[in-house]
Amino acid sequence: MEYFTTTSKASRRAVDCVIVGVYARNRLGIGAEDIDTASKGEIKKRIKSGDISTSIGRCAILTNVPGVKADRVAVVGLGKSGKLTATGFKKAVTAAAQGISRTKAKSVLTCLTLEPVDNSSSYYLARHTAEAVHDVLYRFTQMKSGRKKKGSPLKTIGLAVAKRSDATKAKLGAEHGEGIAAGVSLAKELGNLPANVCTPSYLARTAKKLATGNGKLTTKVLNESEMKRLGMGSLLSVSAGSAEPAKLIVMQYKGAGSDQPVVLVGKGVTFDTGGISLKPGPAMDEMKFDMCGAASVIGTMAAVAKMKLPINLNVVVPAVENMPSSTATKPGDIVKSMSGQTIEVLNTDAEGRLILCDALTYSRRFKPAAIIDVATLTGACV
């Protein structure tokens, strides 16, 4: 997506759509006030007729508005005046993006960035805009066969600013929003892929690809032999029944010199049958999502690298498949973790803690400022 900033009035910009906001009790936002003046009361008339709602998150697309250069005007409700929060702002942008995505608009100008939002600057409003728009436009089509539906043609977003000094902040906010959206989209893509595609090896290749051409980011992948030498008997007990080899993915981003890194550990069970303690058949297909912890931390690393943040961040992903077979770990088996502790496995569907404990022990070698683990876990953790 391309972004530009402008101090032009809403009615003066020749774009496919301009986005403005309206508040409760018929109070018009800054962009809406300009549109209403240029059109001789069109916005107020539509509010009165009920065509436009001032409720937060509601959107109406107007066409052929007199006195306005844009082909369409998206009018979104902003709720009570003076009460607009960042959450409400995102909800409004989302509503506008959803409405615009159903049109053939290629370029838009949002004037919502002119509105006063609690604890938000032009930087954050631009960032929230980029994140919300990408969230609306995301589609998972990779596995579809035949003719694919074309996505939204939207390519350019203009960000209205009150003064030129805000332009640089807004542009940076949009760039960071793009980086965050790229990480979120990657996490969604990894989660949505089926388990026969998104294997431990696929996660490892994805992580390596992210490091290509980025001097601050390196990716190392440990195979089963290397993990065995490190004593990761706990982790390897989970992958013992699968033909798919386990991988320990280690990503390191260095953007802050010798500072201690934060380590993110993401559970990466690319498919969880429960092993010998087999799960019930209904909804087992959803167990492809048991690697969403891994998807989250890899997506986070993608965002950090794209934004070139001045931090040190490491990501550790124990990636395995939990399958039943003649070589699978059995209930009652005893295994030893990397930290030297013996573990009696009473239920092979409690595999998350078995892979995370070895990954957490491995993470200590980085002497981190903090370790955060991200996982899809059983309700028993509550």
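Each remark here, short or long, concerns the structure printed above.
What counts as what
Residues numbered from 1 in each chain as written. Predicted model: local features only at pLDDT ≥ 70, side-chain atom pairs only at ≥ 80, totals over all residues. Heavy atoms only, no water. Helix = DSSP H or I, 4+ residues; strand = E, 2+ residues; numbered from the N terminus. Buried < 20%, exposed > 50% of the residue type's maximum accessible area, 1.4 Å probe, protein only. Contact = heavy atoms within 4.5 Å. Areas by Shrake-Rupley, 256 points an atom, 1.4 Å probe, with all protein chains shown as cover. Core = buried A, V, L, I, M, F, W, Y, C linked by side-chain atoms within 4.5 Å. Polar contact = N/O pair within 3.5 Å; in protein donor to acceptor, adjacent residues only side chain to side chain. Phe/Tyr/Trp six-rings, centres within 6.5 Å; stacked < 30°, edge-to-face > 60°. Axes fitted to C-alpha atoms, helices over the stretch in contact; angles between N-to-C directions. Parallel < 35°, antiparallel > 145°, perpendicular 65-115°, else oblique. Left-handed = near helix turned anticlockwise from the far one by under 90°.

Draft legend 1. Inspection of the overall build of the protein at higher detail. Each helix and strand in the protein was counted, giving 10 helices and 15 strands. Principal axes of the C-alpha set define a box for the protein whose edges measure 80 × 50 × 40 Å. Residues classed as buried in the protein amount to 49% of the 382 residues present. Within the protein, counting contacts between residues at least 6 apart in sequence, those at least 24 apart form 75% of the total. Accessible surface, the protein: about 18500 Å² in total, of which carbon and sulfur atoms supply 51%.

Draft legend 2. Main features of the nonpolar core. Ile19, Val76, Leu78, Ile100, Leu112 and Leu159 are the most contacted members of the largest nonpolar core, which has 30 residues in total. Elements supplying a minimum of two residues to this core: strand 2 (17–23), strand 5 (72–77), helix 3 (86–101), helix 4 (122–137), strand 7 (156–160) and helix 5 (167–192). Dropping the residues within four chain positions of it, isoleucine 19 is found in contact with Ala74, Val76, Ala96, Ile100, Leu109, Thr110, Cys111 and Leu112. Counting 26 residues, the second largest nonpolar core, distinct from the first, contains Ile249, Ala294, Ala305 and Ala319.

Draft legend 3. Summary view of the side chain of lysine 279. Inspection of the secondary structure assignment puts lysine 279 in the loop between strand 11 (268–272) and helix 9 (292–307). A polar side-chain atom of lysine 279 sits 2.9 Å from a polar atom in the side chain of aspartate 349. The residues touching lysine 279, leaving out its near neighbours within four places in the chain, are Asp272, Thr273, Gly274, Met284, Met287 and Asp349.

Draft legend 4. The packing of aromatic side chains, seen in detail. Evaluated as defined, the whole model comprises two aromatic pairs. Ring geometry for tyrosine 123 versus tyrosine 124: centroids 4.8 Å apart, planes at 85 degrees, classification edge-to-face. According to the relative accessible area criterion, tyrosine 123 is buried, its value standing at 15%. The interplanar angle of 75 degrees and the centroid separation of 6.0 Å between the aromatic rings of tyrosine 362 and phenylalanine 366 together place this pair among those described as edge-to-face.

Draft legend 5. A look at the packing of helix 4 against helix 5. Close contact between helix 4 and helix 5 brings their axes to 7 Å; oriented N to C, the two are set at 30 degrees. As judged from the angle between their axes, helix 4 and helix 5 are roughly parallel. For the pair helix 4 and helix 5, the crossing hand works out as right-handed. Facing Ser122, Tyr123, Ala126, Arg127, Ala130, Glu131, His134 and Asp135 of helix 4, the residues of helix 5 in contact are Lys169, Ala170, Leu172, Gly173, Ala174, His176, Gly177, Glu178, Ile180, Ala181 and Lys188.

Draft legend 6. Structural context of unusual backbone geometry. Positive phi values are uncommon outside glycine, yet lysine 40 reaches one of about 60 degrees. Here lysine 40 is to be found in the loop between helix 1 (30–38) and helix 2 (42–49). Backbone geometry at asparagine 119 places phi at a positive 50 degrees, although glycine is not the residue there. Tracing the sequence through the fold places asparagine 119 in the loop between strand 6 (107–110) and helix 4.

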